[in-house]
Amino acid sequence: MTTIYVDPSKKKEQVVQLSDGSQGLMYTKKQKGGTAYEFKFTAHLHPSFLITHVPVDGDVENVDTIDGKQSFKIALR
């Protein structure tokens, strides 16, 4: 499981660090039901994904890919 380190003080967009040393971008996206958070990664090691809730410390997001399931743990710091 890969951990994504998120800074809770940055609400709209931020560069996120992953436990495997890679980086990505988290940004907000307006949707009908409210605000969603999209994670995009610079390396092709991880798939991009969207969550429809505020990132919560300790949450695990499971993402289905063509290579199987990847799990990401959110860590606020």
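So, here is what we can say about the structure in this document.

Analysis parameters
Residues numbered from 1 in each chain as written. Predicted model: local features only at pLDDT ≥ 70, side-chain atom pairs only at ≥ 80, totals over all residues. Heavy atoms only, no water. Pairing = 2+ DSSP bridges. Helix = DSSP H or I, 4+ residues; strand = E, 2+ residues; numbered from the N terminus. Core = buried A, V, L, I, M, F, W, Y, C linked by side-chain atoms within 4.5 Å. Buried < 20%, exposed > 50% of the residue type's maximum accessible area, 1.4 Å probe, protein only. Contact = heavy atoms within 4.5 Å.

## Structural notes on the pairing of strand β3 (residues 23-31)
Here strand β2 (residues 13-18) runs beside β3; their pairing, made up of 5 bridges, is antiparallel. In the sheet register, E13 faces β3, and the bridge partner there is Y27. In textbook terms, the turn of a hairpin is the stretch between consecutive antiparallel strands, and for β2 and β3 this stretch comprises 4 residues, one of which, G21, has a positive phi near 95 degrees. Count of turn residues in the β3/strand β4 (residues 34-41) antiparallel hairpin: 2 residues.

## Here we look at the nonpolar core
In terms of nonpolar packing, the biggest core is built from 13 residues, with I4, V6, F39, F41, F49 and F72 touching the most fellow members. Taken together, the elements giving at least two residues each to this core come down to β1 (2-6), β2, β4, β5 (49-51) and β7 (68-76). Among the elements that line this core, the one with the most residues is β4, at 3 residues. Apart from the residues lying within four places of it in its own chain, the contact partners of F49 are I4, Y37, E38, F39, F41, E61, V63 and F72.

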